[in-house]
Amino acid sequence: MGGSPFAWIKTRPSRQVGAIGEKLVAGWLAARGFNVVRAGDSDADRIVEGKRVEIKFSTLWANGGYKFQQLRDQRYGLAICLGVSPFDAHCWIIPKQDVIRLWKVEHKISSQHGGQEGADTAWIDVHVEEPPD
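Not measured: the values here are computed from a predicted model.

Enquirer: Could you clarify how one ought to interpret the pairing of strand β5 (residues 78–84) in this entry?
Expert: Two faces make up the sheet, and in a regular strand the side chains alternate between them. Among the seven residues in β5, six count as buried, and that is most of the element. Pairing analysis gives seven bridges linking strand β3 (residues 51–59) to β5, with the strands arranged parallel. Bridge pairing in β5 places Val53 opposite Leu78. In this structure, β5 lies alongside strand β6 (residues 89–95), joined through seven bridges in antiparallel fashion. When the sheet's bridge partners are listed, Cys81 is paired in β6 with Trp92.

In structure tokens, the structure reads:
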């Protein structure tokens, strides 16, 4: 990511990257006049204009796509998925009911793990040239 404004993110430990994504989204929204506060529980990351929001973040993977991981059926109304590549940022806002429908009914979103553990987490795999349904 030479010369990329996002290169610094790749220098951080992976356990910090999700929190960085949350702060980027919350800061961007707040700078544009949205009311953004912490959710106060682990079922959502922020409350934006009164709506419970789960924020997922991904840098570009080697396959040219983004993977938004650890999606769960928790108490949030919207998932905001922010992906950054070396010189672009992409964002999708997905109502939770669509996440659940695409995951558990239509099986267009995959469970993240196999076995018992896989039943409660999913990930969205997005390639920018092929926008998600």
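More follows now that the structure is in view.
Enquirer: What's the story with the sheet that holds β5 in this structure? I'm lost.
Expert: Either a parallel or an antiparallel arrangement is found when strands of a sheet pair, and the pairing is made through backbone hydrogen bonds. Within the open sheet, the five strands sit side by side as β1-β2-β3-β5-β6. Their pairing is mixed. Pairing within the sheet leaves two strands with one partner each, and these edge strands are β1 (36–38) and β6. Adjacent strand axes in the sheet meet at a mean angle of 30° when their direction is disregarded. Bridge count for strand β2 (residues 46–48) against β3 is three bridges, and the pairing is antiparallel. Residue Ile47 lies in a different strand from β3, and its bridge partner there is Arg52. This element, helix α1 (residues 14–31), spans β1, β2, β3 and β5 of the sheet and lies at about 125° to β3. Docked against the sheet, helix α2 (residues 96–105) engages β5 and β6, running at close to 85° with respect to β6.

Enquirer: Just checking my understanding: could you explain α2 for this structure?
Expert: Note: α-helices contain 3.6 residues per turn, so residues at a spacing of three or four share the same orientation. Residues Lys96, Val99, Ile100, Leu102 and Trp103 constitute the buried set of α2. Buried residues along α2 sit in contact with β4 (65–71), β5, β6, β7 (110–111) and β8 (122–127). His107 lies just past α2 and shows a positive phi near 55°.

Enquirer: Please clarify how the sheet that holds β8 should be interpreted in this entry.
Expert: Taken in spatial order, the three strands make up an open sheet running β4-β8-β7, and their pairing is antiparallel. Taken across any chain shown, the strands that pair with only one partner, and hence form the sheet edges, are β4 and β7. Sheet topology places β4 next to β8; five bridges connect them, and they run antiparallel. From the neighbouring strand, Gly65 faces β8, where its bridge partner is His127.

Enquirer: Please clarify how unusual backbone geometry should be interpreted in this entry.
Expert: Excluding glycine, a negative phi dihedral is what most residues carry, and trans is how most peptide bonds are arranged. Residues other than glycine seldom take positive phi values, yet Glu49 does so here, at roughly 50°. Relative to the helices and strands, Glu49 is located in the loop between β2 and β3. Phi is positive for His107, which is not a glycine, with a value near 55°. By the secondary structure assignment, His107 is in the loop between α2 and β7.

Calculation notes
- Residues numbered from 1 in each chain as written.
- Predicted model: local features only at pLDDT ≥ 70, side-chain atom pairs only at ≥ 80, totals over all residues.
- Heavy atoms only, no water.
- Buried < 20%, exposed > 50% of the residue type's maximum accessible area, 1.4 Å probe, protein only.
- Helix = DSSP H or I, 4+ residues; strand = E, 2+ residues; numbered from the N terminus.
- Pairing = 2+ DSSP bridges.
- Axes fitted to C-alpha atoms, helices over the stretch in contact; angles between N-to-C directions.
- Contact = heavy atoms within 4.5 Å.

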